Amino acid sequence: MRRFLLMIIFAAIPLQHLAASPYDSLATALREQTILKDLRAHCHVSSTISDDVMKKHFMDNPDSHDAITSAAYELKSGKKQLYQQKISAVTCPTDLTSK
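Definitions and limits used
- Residues numbered from 1 in each chain as written.
- Predicted model: local features only at pLDDT ≥ 70, side-chain atom pairs only at ≥ 80, totals over all residues.
- Heavy atoms only, no water.
- Salt bridge = Lys/Arg side-chain N within 4 Å of Asp/Glu carboxyl O.
- Helix = DSSP H or I, 4+ residues; strand = E, 2+ residues; numbered from the N terminus.
- Buried < 20%, exposed > 50% of the residue type's maximum accessible area, 1.4 Å probe, protein only.
- Core = buried A, V, L, I, M, F, W, Y, C linked by side-chain atoms within 4.5 Å.
- Contact = heavy atoms within 4.5 Å.

**Describing the pattern of salt bridges**
Here is step 1 of the chain: Enumeration according to the criterion identifies 5 salt bridges in this entry.
Here is step 2 of the chain: A salt bridge links aspartate 52 to lysine 55, with the nearest nitrogen and oxygen atoms 3.8 Å apart. Residue aspartate 52 and its partner lysine 55 are both found in helix H3 (residues 51-60); the two are separated by 3 residues, about one turn of the helix.
Here is step 3 of the chain: A salt bridge links lysine 56 to aspartate 60; its shortest N-O distance comes to 2.7 Å. Separated by 4 residues within a single helix, lysine 56 and aspartate 60 lie in helix H3, roughly one turn from each other. No difference in accessibility class separates lysine 56 from aspartate 60, as the two residues are exposed.

Below you can see the structure in the form of structure tokens.
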């Protein structure tokens, strides 16, 4: 009975999905870090500003949210030149930039 139950579980959950999940999570985290690093450089954001504060600030602003989402898509697609162009087009907030 236990063996039958395991066979049903493995048939219902594809192994590729289980194997790809940690890789996809890592890839997403690395892309997020790349975007934050590039935004920090582009907007001259101090290293004392946390990543969480940056995420909230950029993603709460509709103009930068759309630009960053578009840049993230280009980064995920491997189109680095388009990604850099989109990051360069992000409007920098004055209250996060270093003096």
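That was the structure; now back to the text.
**Notes on the nonpolar core**
Here is step 1 of the chain: Ranked by internal contacts, the top residues of the largest apolar core, which has 14 residues, are Ile35, Leu39 and Phe58.
Here is step 2 of the chain: Broken down by element, this core gets its largest block of residues, 4 residues, from helix H4 (residues 62-76).
Here is step 3 of the chain: Other than its neighbours up to four places away in sequence, isoleucine 35 contacts Ile68, Ala72, Leu75, Tyr83 and Ile87.

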